[in-house]
Structure formats: structure tokens, C-alpha cells
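# Analysis of the macromolecular model
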Amino acid sequence: MSRLEMHVPKLEELWFRQKLLADPASMSYNKGYELGFAGYHNDTGCIDFPEEDWPGWYARWIGTEPQRFYAYLREKETGTFLGEVNLFQLELPGVYEMGIVVYSAYRGKGYSQEGIRLLLEYAFEEMGAKEVTNCFEASRKAALKIHQEAGFQIVKEAEGFLHLSAKRLED
């Protein structure tokens, strides 16, 4: 039984996303990529998420299924927000790219693996996804292990990046 649940945040709960994006330890995977947009900090990987941006972001991500899905990972017993997960549909119908970030204070406790499993279950059972993909640096061994344990397979390695895929099992 999972210790976690996915929780679609209310607008006023976006304080947690703001906190997550401002935490250098949580965002270190993003560091140094020259993403080239306002509010991105190349030296830390952090992203500004001021309150005035919340309504526009919320309108783009919340209630826009099947194009996008966003939720917090929340501990069932305490209600504590632990991280975030998301899906967004790619060009091919039924194919989604996923994302997961666990707040640094909660890493190393198995939450990422549980979160990915919950997200895959939701993608396949609720959104009708045929495939969920992710891509990250080949040097991120812990991320690879967690993804593979959740059912992802490497489909390509190019320019230092791993491209992974999990496909819906046919009934």
C-alpha cells in the first residue's frame, strides 16, 4: 500500500511549488543548463515563481487534461507535500512526457519510486496513455534505477542523455 497520494493543488497551495523551485538542493539537477528564460538561475538551477505568476500557470496546468496533468505528491498520513509530478502530451496522441521532483528534505526515502508508480497508474488508467517517456542525463544513476524499477526501459542514449519509455501493458 502506498504511503503517498497525488493531490491536485488549489491556487493558494502553490506556495509549495514556489518553495520547491527556490530550493537549490531540490533544483540542482537543473543547474548550469542555460535555459534562457526570465527567472531561471543558471548558477543554482532554481526558477522564480512569484505569486503574480500563479494564476496564469494554474490556468495552463490545472484542469487541462488530457493535454496536461499536474499534482503534488502528498504523504497520506500527515498531508505533507513532498514533491510534484506532471504529464504533458507530446505530438503523438497517447504519448506523454513526465516529470517528477521530490523536495530535497524528503529524498532517499523511496518517495520518487512511489510517485512514479502513482503517476504511471494515473497516466495509463485515467488518461488513456499508451506510453510515458522521460529524458535525463546518463550520469543520474539513482534516477535511472528508480525509473527502471517502475517499469521504464532505455530506448536511446544520445549526447549524454538517456531516453526512457514505459508502455501500457495490453489487456
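## Observations concerning the pairing of strand β7 (residues 161-167)
Direction of pairing for strand β5 (residues 131-137) relative to β7: antiparallel, over a ladder of seven bridges. Opposite E137, over in β7, you have F161 as the bridge partner. Bridging between strand β6 (residues 153-158) and β7 involves five bridges; their strand directions are antiparallel. Residue pairing in the sheet places A158 in a bridge with F161 of β7. Count of turn residues in the β6/β7 antiparallel hairpin: two residues, of which E159 carries a positive phi of about 50°.

## Brief notes about the sheet that holds β7
By way of backbone hydrogen bonds, the strands of a sheet pair with one another, either parallel or antiparallel. The seven strands are arranged β1-β2-β3-β4-β5-β7-β6 in an open sheet whose pairing can be described as mixed. Either end of the sheet is taken by a strand with one partner, and the two such strands are β1 (4-7) and β6. Pairwise comparison of adjacent strand axes, ignoring direction, gives a mean angle of 30° for this sheet. Sheet contacts for helix α3 (residues 54-61): β2 (68-75) and β3 (81-89); angle to β2, the most-contacted strand, approximately 105°. Helix α5 (residues 141-149) rests against β4 (95-102), β5, β6 and β7 of the sheet, and its axis sits at about 165° to β5.

## Brief notes about the pattern of salt bridges
Under the counting rule described, the total for this entry stands at five salt bridges. With its nearest N and O atoms 3.1 Å apart, the salt bridge here joins R17 to E84. In this pair, R17 sits in helix α1 (residues 15-21) while E84 sits in strand β3, placing the two residues 67 residues apart along the sequence. Note on accessibility: R17 and E84 belong to one class, buried. For the salt bridge of K145 with E149, the shortest nitrogen-to-oxygen distance reads 3.1 Å. Of this pair, K145 and E149 both sit in helix α5, separated by four residues, roughly a single helical turn. Accessibility expressed as a relative area gives 36% for E149, which makes it partly exposed.

## With respect to a negative patch on the surface
A grouping of D48, E51, E52 and D53 is seen on the molecular surface, where their side chains present a negatively charged patch. Assignment of secondary structure puts D48 in the loop between α2 (24-27) and α3. Classification of D48 as partly exposed rests on a relative accessible area of 42%.

## Looking at the confidence of the model for the chain
In this model, the chain carries an average pLDDT of 93, and 99% of its residues clear a pLDDT of 70 or more. Mean pLDDT across the elements of the chain ranges from a minimum in α5, with 93, to a maximum in α1, with 98.

## A word on the side chain of D23
Along the polypeptide, D23 turns up in the loop between α1 and α2. This buried residue, D23, is left without a salt bridge; R107 holds the nearest opposite charge, at 6.5 Å. Once you skip the residues sitting within four places of it in the chain, D23 turns out to touch C46, Y103 and S104.

Criteria and thresholds
- Residues numbered from 1 in each chain as written.
- Predicted model: local features only at pLDDT ≥ 70, side-chain atom pairs only at ≥ 80, totals over all residues.
- Heavy atoms only, no water.
- Pairing = 2+ DSSP bridges.
- Helix = DSSP H or I, 4+ residues; strand = E, 2+ residues; numbered from the N terminus.
- Axes fitted to C-alpha atoms, helices over the stretch in contact; angles between N-to-C directions.
- Contact = heavy atoms within 4.5 Å.
- Salt bridge = Lys/Arg side-chain N within 4 Å of Asp/Glu carboxyl O.
- Buried < 20%, exposed > 50% of the residue type's maximum accessible area, 1.4 Å probe, protein only.
- Patch = residues over 30% accessible without salt bridge, like charges linked within 9 Å, V, L, I, M, F, W, Y side chains within 5 Å.
- Areas by Shrake-Rupley, 256 points an atom, 1.4 Å probe, with all protein chains shown as cover.
- Lys, Arg positive; Asp, Glu negative; His and termini not counted.
- Charge placed at Lys NZ, Arg CZ, Asp CG, Glu CD.
- pLDDT = per-residue confidence, 0-100.

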